[in-house]
Amino acid sequence: MRRRPADYRRPVRRRFSQWIWALIGLFSVAGLVLFVVQHNYHEDRVEQPTLEKNARREHISRMGLNFTEEILSATSLARQLAEQITLAKAYVIIAKEHSNLQLAWEFSSKIRNCQLLLSKAAMREEPITFEEAEPIIKSLSALIFKAQDAHYDVATTIMTMKSHIQALEGRAKAATIQSTVFGQLTAEALPKSLHCLNIKLTTDWLRKSSLQELADEKRNSPRLVDNNLYHFCIFSDNLLAVSVVVNSTISNADHPKQLVFHIVTNGINYGAMEAWFLGNDLKGSTIEVQNIEEFTWLNASYSPVMKQLLDADSQKYYFKGSEDLEVEPKFRNPKYIYLLNHLRFYIPEIYPQLEKVVFLDDDVVVQKDLTSLFSLDLHGNVNGAVETCLEAFHRYYKYLNFSNTIISSKFDPQACGWAFGMNVFDLIAWRKADVTTRYHFWQEQNADRTLWKLGILPAGLLTFYGLTEPLDRRWHVLGLGYDLNIDNRLIETAAVIHFNGNMKPWLKLAIGRYKPLWERYVNQSHPYLHDCVTS
């Protein structure tokens, strides 16, 4: 095949492709420049709010500084300063004991500087800076080294602090004993108003022969020995307290005329008791008041407590105090051998014709009708009482000395304790079991106070061991004389509330929350009571 001449051949397209590549390159460079510009602009917009946010967070953290946490932090300068202050205070005491007053003054000055810096940091709510703390830490450290060079070393510091601790413990113990003694004196003291009331009533009793004649007439009332009635006994020398017990029992009884109250008091208060109850409305109930000094059968040859009252050692222990500081003052309280308190163990002898009685302490308030107590089945037991072993410390081992073989061989240390203050006594079962003889035995065994030390209750726990019938807890709620946190629902449902403890409701130190429960049964309308309170 023949080739065409050169003039007739197609033109080459090389120039056209070069222009295309040039344009593509130009567009690529422009796009790259545009991308870089846009990226930088976006980063600027993102970075600016982030910096502002971080700055704001830093400001907030500074404003919300918790200085307590700063002090507790192991790495903070505030913690280091606080620890140096503590150590410096110890050296102040040591320097003063060694009569180095100059060193003590220097330490005190540095301590004030540290405290000033800490208070400033707390007020401005910012941590202490190194520049602020460094000069104080260095100067205080140098002073501590100076104290150590003066032989105020760690061993000396420990011995000095130990002696201070022992001295403080001794002072605290002495203060506790003194507080206990003062508390007992306050609890036992008769308020001026009650003393006034007793004097006025006693004066009436001595001057008005009509009162004595009326008392003689009622003394032989057949109601006093009628076992178809409901008999209550109260042994006390506190007139107003007894009046509240009687008044609250009568006020809440369904049939007050069926109630008989047997009161025993001492010779000093006998006339006042008689005058009070003869002159008050008792809603048909019967009151008998007796003088314990007329119980001629209750003498030292029969009663161990009477024998202890006449014993010189017992009188010294209970009435003159003891030089033995190890013996707590509460153990030497004379009320524990007060004959009226022990009279509860002689109820069958005092009332030989009665079959069942309810014993009430003078610091209780009755809130329900108690006559149903007399129909309770005690299952042959002598004593019906509310148990108190819901708390572990009311078991036998807390009251009695189980290291003594006489106790440990006869009693269970985990046996449940119970409460005096509201008790049902079956006097037929009492006489059959000869309970009073058991009481005498344990009183004689404890003449040296080695079986128990405190109160009437331990003697009762031993005497009525195996002879006590547990009652429903709602019959008797205790603790209103010391416990501030008794449940209101428990108080409201209780038949009897008991102000056991030192904070008796007739005293100024009574617990204000419970006092109205007692005051509502005080006969405020009696002219003598009004005169004595206001005078």
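Residues numbered from 1 in each chain as written. Predicted model: local features only at pLDDT ≥ 70, side-chain atom pairs only at ≥ 80, totals over all residues. Heavy atoms only, no water.

Asks: How should I be thinking about the overall build of the protein chain in this particular structure?
Replies: Scanning the protein chain for helices and strands turns up 22 helices and nine strands. Split into buried and exposed, the 535 residues of the protein chain put 43% on the buried side. Residue pairs in contact within the protein chain that sit at least 24 positions apart in sequence constitute 74% of those at least 6 positions apart. Summed over its atoms, the accessible surface of the protein chain is roughly 31100 Å², and 55% of this surface lies on carbon and sulfur atoms. (Helix = DSSP H or I, 4+ residues; strand = E, 2+ residues; numbered from the N terminus. Buried < 20%, exposed > 50% of the residue type's maximum accessible area, 1.4 Å probe, protein only. Contact = heavy atoms within 4.5 Å. Areas by Shrake-Rupley, 256 points an atom, 1.4 Å probe, with all protein chains shown as cover.)

Asks: I keep staring at helix α5 (residues 130-149) and nothing clicks. Help me out?
Replies: Given 3.6 residues per helical turn, the α-helix brings residues three or four places apart onto the same face. Between the first and last C-alpha of α5 there are 28 Å, a value that for 20 residues agrees with the 28 Å anticipated at 1.5 Å per step. Among all positions in α5, only Ala-133, Ile-136, Ile-137, Leu-140, Leu-143, Ile-144 and Ala-147 are buried. Here the buried residues of α5 occupy an arc of 130° about the axis, which is enough to place them on one side. Residues of α5 that are exposed and point more than 90 degrees away from the buried face comprise Glu-131, Lys-138, Phe-145 and Asp-149. (Expected span 1.5 Å × (residues − 1). Arc of directions from axis to C-beta.)

Asks: Help me understand the state of the cysteines in this model?
Replies: Such a bond, covalent and formed between the sulfur atoms of two cysteines, is termed a disulfide. Tallied over the full model, the rule gives two disulfides. A disulfide bridge connects Cys-196 with Cys-532, and the sulfur atoms are separated by 2.1 Å. Where Cys-196 bonds to Cys-532 through sulfur, the torsion about that S-S bond is close to -70°, and the disulfide is left-handed. Of this pair, Cys-196 sits in helix α7 (residues 192-207) while Cys-532 sits in helix α22 (residues 527-534), and the two are 336 residues apart along the sequence. Residue Cys-389 pairs covalently with Cys-416 via a disulfide, S to S 1.8 Å. For the disulfide bridge between Cys-389 and Cys-416, the dihedral angle about the S-S bond is near -95°, and by the sign convention the bridge is left-handed. Remark: Cys-416 occurs in the loop between α16 (405-408) and β7 (422-426) and Cys-389 occurs in the loop between β6 (383-386) and α15 (396-399); sequence separation between them is 27 residues. For Cys-389, a relative accessible area of 17% translates into the label buried. Residue Cys-416 is classed as buried on the basis of its relative accessible area of 17%. Sequence-ordered numbering of the bonded cysteines in the protein chain gives a pairing of 1-4, 2-3. (Disulfide = S-S within 2.5 Å.)

Asks: Teacher, can you tell me more about the environment of Arg-112 here?
Replies: Position of Arg-112 relative to the elements: it lies in helix α4 (residues 101-124). Overall, Arg-112 belongs to the partly exposed group, its relative accessible area being 47%. Placed 27 residues apart in sequence, Arg-112 and Ile-85 show a C-alpha to C-alpha distance of 9.0 Å.

Asks: Just checking my understanding: could you explain the packing of aromatic side chains for this structure?
Replies: Aromatic ring pairs are reported here in terms of the distance separating the ring centres and the angle at which the planes meet. If you walk through the whole model with that rule in mind, you get 26 aromatic pairs. Here Phe-359 and Phe-420 contribute two aromatic rings whose centre-to-centre distance is 6.5 Å and whose plane-to-plane angle is 75°, an arrangement assigned as edge-to-face. Of this pair, Phe-359 sits in strand β4 (residues 356-360) while Phe-420 sits in the loop between α16 and β7, and the two are 61 residues apart along the sequence. Relative accessible area serves as the criterion here: at 1%, Phe-359 is assigned to the buried category. A relative accessible area of 8% means that Phe-420 is categorised as buried. For Lys-200, the ring lying beneath its charged end belongs to Tyr-528, and the centroid distance is 5.6 Å. Across from the ring centre of Phe-420, 4.8 Å away, lies the NZ or CZ of Arg-344, which sits over that ring. (Phe/Tyr/Trp six-rings, centres within 6.5 Å; stacked < 30°, edge-to-face > 60°. Lys NZ or Arg CZ within 6 Å of the ring centre and 35° of its normal.)

Asks: Would you explain the nonpolar core in this entry?
Replies: Within soluble globular proteins, side chains that are nonpolar tend to cluster in buried spots. The biggest cluster of nonpolar side chains holds 64 residues, and the ones touching the most others in it are Val-246, Phe-277, Leu-360 and Leu-370. For this core, the element with the highest residue contribution is helix α9 (residues 239-251), accounting for eight residues. In contact with Val-246, other than residues within four places in its own chain, are Ile-234, Phe-261, Ile-263, Phe-277 and Ile-287. Counting residues in each nonpolar core, the second largest holds 45 residues, with Phe-345, Leu-354, Leu-400 and Ala-459 among its members. (Core = buried A, V, L, I, M, F, W, Y, C linked by side-chain atoms within 4.5 Å.)

Asks: I keep staring at the sheet that holds β6 and nothing clicks. Help me out?
Replies: Remark on secondary structure: sheet strands pair via backbone hydrogen bonds, oriented parallel or antiparallel. Strands sit in the order β3-β2-β1-β4-β7-β6-β8 across an open sheet of seven strands; the sheet is mixed. In this open sheet, the two strands that pair with only one neighbour each are β3 (286-291) and β8 (468-471). Within the sheet, the average angular offset between the axes of one strand and its neighbour, ignoring direction, is 25°. Bridge count between β6 and β7: two bridges; the pairing is antiparallel. Its bridge partner being in β7, Asn-383 is matched across the sheet by Phe-425. Each of β1 (230-235), β2 (259-265), β3 and β4 is contacted by α9, which is oriented at about 175° to β2, the strand it contacts most. Together, β2 and β3 form the strand contacts of helix α10 (residues 267-278), whose direction differs from that of β3 by roughly 165°. (Pairing = 2+ DSSP bridges. Axes fitted to C-alpha atoms, helices over the stretch in contact; angles between N-to-C directions.)

Asks: Honestly, the side chain of Thr-371 in this entry has me stumped. Any pointers?
Replies: As for its placement among the helices and strands, Thr-371 is situated in the loop between β5 (364-366) and β6. Judged by relative accessible area, Thr-371 falls into the buried class, the value being 14%. Not counting the four nearest positions on each side in its chain, Thr-371 is found in contact with Tyr-230 and Leu-259.

Asks: Sorry if this is basic, but what is going on with the pattern of salt bridges here?
Replies: Opposite charge on two side chains permits pairing when their charged atoms draw close. Applying the stated criterion across every chain yields a total of 11 salt bridges. A salt bridge links Lys-504 to Asp-363, with the shortest nitrogen-to-oxygen separation between them at 2.6 Å. Here the residue Lys-504 occupies a position in the loop between β9 (496-498) and α21 (515-519), and Asp-363 occupies one in the loop between β4 and β5, the gap between them amounting to 141 residues. Classification of Lys-504 as buried rests on a relative accessible area of 14%. The partner of Arg-474 in a salt bridge is Asp-472, with the nearest N and O atoms 3.1 Å apart. A single network of salt bridges, built from pairs that share partners, joins Asp-216, Arg-219 and Glu-274. (Salt bridge = Lys/Arg side-chain N within 4 Å of Asp/Glu carboxyl O.)

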